[in-house]
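An overview of the molecular structure
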Amino acid sequence: MVQVTENHLNAAAETDPGYGQIFAILIRRRFWLIGVFCTVFSAAAILTLLTKPTYESSMQLLVEANYQGKQQLGDQEKTENEYADPNVEIDYATQLNLMRSSQLLGKAVDLLRPEYPDITIKKLKKYLVVAQIQEEKVNTKIFEVTYTDKDAKKTQKVLKTIQKVYQDYNREQQEMRLAKGLAFIDQQLPTVRQNAVQSEAALAQFRKNQNIIEPELQSKALIESLKDIEQELRTVRAQYRDAQARYTALQQQSNSTPQQAVVSSRLSESTRYQTLLNEIQKLDLELAQQRQRFTDANPYIQDLVQQRQEMLALLEEEKKRIPGANGDRSNVTIENPLKQGQLGKLDVSLANKLLEEQTNVLGLQAREQTLIQKEQQMRAQINRLPAILADYNRLEPDVKLKRETLEQLQKARQELSLEIARGGFDWQVVEEPELGLQIEPSLKRNILLGAVIGLMLGGVAAFIREVVDDAVHTCDDLKKQVDLPLLGITPELAQAKGSSDAIVTLPFSKPQVLASSMIQVINWPPFRESLDLIYQNIQLMNSGWLKSLVVTSALAGEGKSTLALGLAISAARLHQRVLLIDADLRRPSLHKELNLPNDRGLSSLLANDTPIANQEIEISAQYGNISILTSGPTPLDPAQMLSSQKMKQLMATFEQNYDLVLLDAPPVLGIVDTILAASFCSGVVMVGRIGRVTRTELVQATSMLSKLNVIGVVANGASNSNKGYLTTLHQ
């Protein structure tokens, strides 16, 4: 069971409108939109036609800034920028401000005043526009000058005059600029030339005193030479250590000095020395044999000794003939002359190698000493280089700078002299001023602007009207106001296409009588199908316990009676025994719509004092499964009857005899009848007609029914209901 409480009310709920809602509002308020649009559009068109036209003329000048100089290839731009006029800033912004200055515009006013006496500098500034043209966001040298006025010829005349003033101003500024630049160069040139000569002389004297041409190159060469010497010195020392080791090893193998080895080698190779050695050896052998037989006193022994001494004397004489073996000429001492010359081939080879290694060691030692001396000399020269480089680096840039300054001054003097001789250059007119073209008012633009503004203001007016309007226009608006289930949507009634669609087709209708508007609606297939859906939703939500149901609305004319009759027909089609009661005792309408008598009805039953058990209940009409009870004669106090115990007993009796009891109750607002009748029923169904009921009225009605069992709400007369399929189905 669904109970309506204060929490169910959703009157203040706000949601962001979608595009569909906005479009629906504009369609609904289309007359406001169209009215405001036509008003603004017409005003724009009339104002455009009544406005006096305005004309505009323009011209374009190729401007070479007087403060920047004529730019050409090479270094001329830099030259003129630097020396043409050193007291001003170089930019086009300055040039643009000067072109707008009162001084130049005043000259133009003086030239124009004879023809246009009312022209002033203030007016000229107001309607004259000077701007620098940009190409792909890069400023060009082209300036565009435009002038607007009510007279087309005047716009052209003014620009012609402005053109003459600008060109005269340009020539004057050129002459002054070039003259100042040339005077400045002539003043600086002697001093710069003298400084350059002095710097070059100082640099030449420094090179002569230091015996140096390019210190940096020479220092690099010295450093490279020092590295080569150091590398060679390391190599020589390594070779010296190797040679010394080999020399020591050979000396140990030969067990003699190199001089002794040389003498022994030479004696071994001498034939006479070797012959004498052989003879002495023979005498020693003979002497040894004879001493075994004789004593030393024997004459033969003494004779052999004498011969041996003579042989040794001859051997000594022979040794003196050998180079290096003479004791007076060398430090070589021969301990045993007999063994000195007895060397083999291996000994001779070792002696030769020992001599070679001695020579190699002495040579490497001498080379090492020479390299050490050269290294010391190189380091001494390199230690002098920092001071020399510092002095040279101070003198050389000074000479270069002063020489470049002198060359620039000379070149600038030549360029300025040529410029003065040529007479300068004029600002080139890219586009001549033409007769002014009309720019205001623009009929096309104003009409388009009026259309846009009209649409905007029309839309604003439509939305303001929508905000002011409190009516519920869509099913979404209806759901926003109350937090109740939407039982269904009944479509808006279509126009009748012929008389055949208006014939009564209900079981209880009279064939000879045309149907009323209520019957037309019920016979309409989309409406009938929507009622079937609503009834099924009610049954599903209440699980079959619902026995009596009150159908009401906030206001009269929202279709509650039609909905009640439609629900009765839908229930009867599902084999339900239905009782439809017209509970509106003040303004009954059901009997009129169904063409039934109303002399007896609900009010008659409530006014009868006979108990319900003994009273015979008369039904106004019976058609199949549908029974209809009209309201009966209008009582003096309907509220008293509907709240009586008799009404409670009567409803209990109806619920026992029928499957469903439907009460067509009066509107909720203004009277208490519906609340009283609904207090004896199982549930209440609210009907809200789209476009008729307001938000405030809907909120008030649901608040009044908050203590009752409100099943849900039905949106009646929805224009956006999907009825295409149903209409096609029933054709």
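Everything below is about the structure printed above this text.
A quick note: this is a predicted structure, and the numbers were derived from the prediction, not measured. (Residues numbered from 1 in each chain as written. Predicted model: local features only at pLDDT ≥ 70, side-chain atom pairs only at ≥ 80, totals over all residues. Heavy atoms only, no water.)

In this section: the pairing of strand β11 (residues 660–664). Most of β11 is tucked away: five of the five residues are buried. The pairing of strand β7 (residues 548–553) with β11 spans four bridges and is parallel. Looking at the pairing, serine 548 lines up with valine 661 of β11. (Buried < 20%, exposed > 50% of the residue type's maximum accessible area, 1.4 Å probe, protein only. Helix = DSSP H or I, 4+ residues; strand = E, 2+ residues; numbered from the N terminus. Pairing = 2+ DSSP bridges.)

This model, assessed by the stated rule, comprises 17 salt bridges. Across the pair arginine 445 and glutamate 440 runs a salt bridge whose closest N-O atoms are separated by 2.4 Å. Overall, glutamate 440 belongs to the partly exposed group, its relative accessible area being 29%. Each of Lys164, Asp168 and Arg171 takes part in salt bridges that share partners, so that together they form one network. (Salt bridge = Lys/Arg side-chain N within 4 Å of Asp/Glu carboxyl O.)

To continue, consider the side chain of glutamine 163. Its place among the elements puts glutamine 163 in helix α7 (residues 152–210). The buried category is assigned to glutamine 163, whose relative accessible area is 10%. Among residues more than four places away in sequence, those in contact with glutamine 163 are Met59, Val429, Glu432 and Pro433. (Contact = heavy atoms within 4.5 Å.)

Attention now goes to the sheet that holds strand β8 (residues 578–582). Strand order in the open sheet formed by eight strands is β6-β13-β12-β7-β11-β8-β10-β9, and the pairing between neighbours is mixed. The sheet is open, and its two borders are formed by β6 (486–491) and β9 (621–623), each paired with just one other strand. When the angles between neighbouring strand axes are averaged without regard to direction, this sheet yields 20°. Docked against the sheet, helix α17 (residues 525–542) engages β6, β7, β11, β12 (683–689) and β13 (710–718), running at close to 175° with respect to β6. (Axes fitted to C-alpha atoms, helices over the stretch in contact; angles between N-to-C directions.)

Attention now moves to the packing of α17 against helix α18 (residues 560–573). It is the contact of α17 with α18, at a shortest axis distance of 9 Å, that shows an interaxial angle of 75°. Between α17 and α18, the angle falls in the class roughly perpendicular. Between α17 and α18, the contacting residues are Phe527, Arg528, Leu531, Asp532, Ile534, Tyr535 and Ile538 on the first element and Thr562, Leu563, Gly566, Leu567, Ser570, Ala571 and Arg573 on the second. Residue classes in the contact of α17 with α18 are distributed as eight nonpolar, three polar and three charged. (Parallel < 35°, antiparallel > 145°, perpendicular 65-115°, else oblique. Nonpolar A, V, L, I, M, F, W, Y, C, P; charged D, E, K, R; others polar.)

In terms of nonpolar packing, the biggest core is built from 44 residues, with Ile581, Leu602, Met647, Met651, Phe654, Val661 and Leu663 touching the most fellow members. Contact partners of methionine 647, with chain neighbours within four places excluded, come to Leu602, Leu606, Met641, Leu642, Leu663 and Phe680. Within the second largest apolar cluster, 32 residues are counted, among which are Val578, Leu580, Leu594 and Leu662. (Core = buried A, V, L, I, M, F, W, Y, C linked by side-chain atoms within 4.5 Å.)

Taking 1.5 Å as the rise per residue, helix α2 (residues 30–50) with 21 residues should run 30 Å; its terminal C-alpha atoms sit 30 Å apart, in good agreement. Taken residue by residue, α2 has Leu33, Val40, Ala44, Ala45 and Thr48 as its buried positions. Taken end-on, α2 shows its buried residues confined to a sector of 135°, consistent with a single buried face. When the buried face of α2 is taken as reference, the exposed residues oriented beyond 90 degrees from it are Phe31, Thr39, Leu49 and Leu50. (Expected span 1.5 Å × (residues − 1). Arc of directions from axis to C-beta.)

Looking now at the side chain of threonine 155. With respect to the element layout, threonine 155 can be found in helix α7. Ignoring sequence-local partners within four residues, the contact set of threonine 155 consists of Tyr55, Ser57, Tyr147, Thr148, Asp149 and Gly436.

Attention now goes to unusual backbone geometry. Notably, histidine 575 is not glycine yet its phi reads approximately 65°, a positive angle. Structurally, the position occupied by histidine 575 is in the loop between α18 and β8. Since its relative accessible area comes to 68%, histidine 575 is described here as exposed. Phi at asparagine 595 takes a positive value of approximately 60°, unusual for a residue other than glycine. Residue placement: asparagine 595 occurs in the loop between α19 (590–593) and α20 (602–607).

Worth remembering: the numbers are spatial, not functional.
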